[in-house]
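Chain by chain, the residues run as shown.
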Amino acid sequence: MVFALVALIVLVGAILLWRRWAAAERATNERKPELAGRIGQLRERQEGAAEPALMLVSVDQPRFSKLGGHPDLPAGTVHPPGVRGKRAFLGQVDLAEVRAAGGAEWLPDVGRIYAFYDSERHGFADVVTVLYSVQAPGAPVAAGRSAFDERPVGFQAHHSLPSIDWMGVDYRGFGGWIEDLLTPEPEGPAHRVGGYPDEIQGERFPLICEHMVRGLPDPDGDEDVPQDIEDALDDWRLLLQVDSDPSLGMNFGDGGRLYAFIRRGDARRGEFGATVGAWSTY
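The present account deals with the structure reproduced in this document. Small disclaimer: the values here were computed from a predicted structure and weren't measured. Every residue gets a number counted from 1 within its own chain, in the order that chain's sequence is written. Predicted model: local features are reported for residues with pLDDT of at least 70 only, side-chain atom pairs are reported and counted for 80 or more only, and whole-chain, interface and lining totals are derived from all residues. Processing note: side-chain calculations cover all non-hydrogen atoms of the structure and skip hydrogens and water entirely.

### Considerations on the nonpolar core
1) Next: Here, nonpolar core refers to any group of buried Ala, Val, Leu, Ile, Met, Phe, Trp, Tyr and Cys residues whose side-chain atoms link them within 4.5 Å. Per-residue accessibility, obtained with a 1.4 Å probe over protein chains only, is compared with the maximum for each type, and a residue is labelled buried under 20%, exposed over 50%, and partly exposed between these values. In terms of nonpolar packing, the biggest core is built from 32 residues, with Leu-90, Leu-107, Leu-239 and Phe-272 touching the most fellow members.
2) Next: Secondary structure elements follow DSSP: runs of H or I no shorter than four residues count as helices, runs of E no shorter than two count as strands, and numbering proceeds from the N terminus. Of all the elements in the fold, those that place two or more residues in this core are β1 (51-58), β3 (88-94), α2 (95-100), β4 (112-117), β5 (128-133), β6 (151-160), β8 (236-243) and β9 (257-263).
3) Next: We call two residues in contact when some of their heavy atoms are within 4.5 Å. Apart from residues no more than four positions distant in its own chain, Leu-107 is found in contact with Leu-95, Val-98, Arg-99, Val-193, Leu-239, Ala-267 and Phe-272.
4) Next: One finds Trp-166, Ile-208, Tyr-259 and Ala-278 within the second-largest nonpolar core, a separate group that totals twelve residues.

Okay, structure coming up:
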């Protein structure tokens, strides 16, 4: 008797689930022409906002641009302190090489940047900090073991498209698959200079950065964005993305990524102290 009752409940539940799935499938099929049109519009917006980016790829010969190891800081430049000792050195990039490789036009065509990370500062703008210098680099000071293994890097051109999160598109009516369709997850560690970030969570980073520099609380995704803030978002760009990379001993959270964002105007003026750091993880 009990078995028969349980079987009946299971059967009824299965029928209800099937009916719900069938109704959702019919609704999706009815909306396919509309969805196709909106997806086409989003692709056009993406392509219209596309920017050049440079992937940081491994090279055989030692060079200035690298991930991990110890920084080649100019004489007199202090390694930035963190909450507990020195910040972890992420990497350094020669901006003249970036410009020669076809990198972002809003970056200076001379000088070098050095990126550092403090795992105690997640959620704060200085979780990643960037130093900029036009002085000649010095020799790396190997004071103890480096936070991450060293890898010399070159630059590989990449056609970078903004995600629907970056563009501020409300995609709840589409379903989660729209993200995978328009901005698929990169294969393997994705270290880059310029372009747009590979977001892991649904975060509108320009809005987060603008709130940080204005001293505002984290944005609420359900609230309307004031027009003055919306107008300011277009100036934010990704300066650097550093991915979790087991071969370098890098793991940020649960396979997450670190980002450094900057306003284009600040970057052109060499004001890299205005960089806003962020991170995202699975």
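### Topic: the sheet that holds strand β2 (residues 66-67)
Consider a sheet: its strands pair through backbone hydrogen bonds, and that pairing is either parallel or antiparallel.
1) Next: A pair of strands is treated as paired once DSSP finds two or more bridges between them. The strand order across the open sheet formed by ten strands is β5-β4-β3-β2-β6-β1-β7-β8-β9-β10, and the pairing between neighbours is antiparallel. Because the sheet does not close on itself, it has two edges, and the strands there are β5 and β10 (276-280).
2) Next: Strand direction decides the pairing type here: strand β7 (residues 192-194) and β8, joined by two bridges, are antiparallel. The partner of Arg-192 across the bridge, within β8, is Gln-241.

### Some remarks on the pattern of salt bridges
1) Next: Within this document, salt bridges are pairs made up of a side-chain nitrogen of Lys or Arg and a carboxyl oxygen of Asp or Glu, the two lying within 4 Å of each other. Per the stated rule, a full pass over the model turns up 21 salt bridges.
2) Next: Residue Arg-264 is joined to Asp-234 by a salt bridge in which the shortest nitrogen-to-oxygen separation is 3.1 Å. Pair noted here: Arg-264 is in helix α6 (residues 264-268) and Asp-234 is in the loop between α5 (227-232) and β8, with a separation of 30 residues, a long-range link.
3) Next: One salt-bridge network, in which partners are shared between bridges, spans Glu-51, Asp-234, Asp-235, Arg-237 and Arg-264.

### Quick look at the pairing of β10
1) Next: Of all the five residues making up β10, four are buried; the element is thus mostly covered by neighbouring parts of the structure.
2) Next: One ladder, built from five bridges, connects β9 with β10; its direction is antiparallel. Note that in β10 the partner of Tyr-259 across the bridge is Ala-278.

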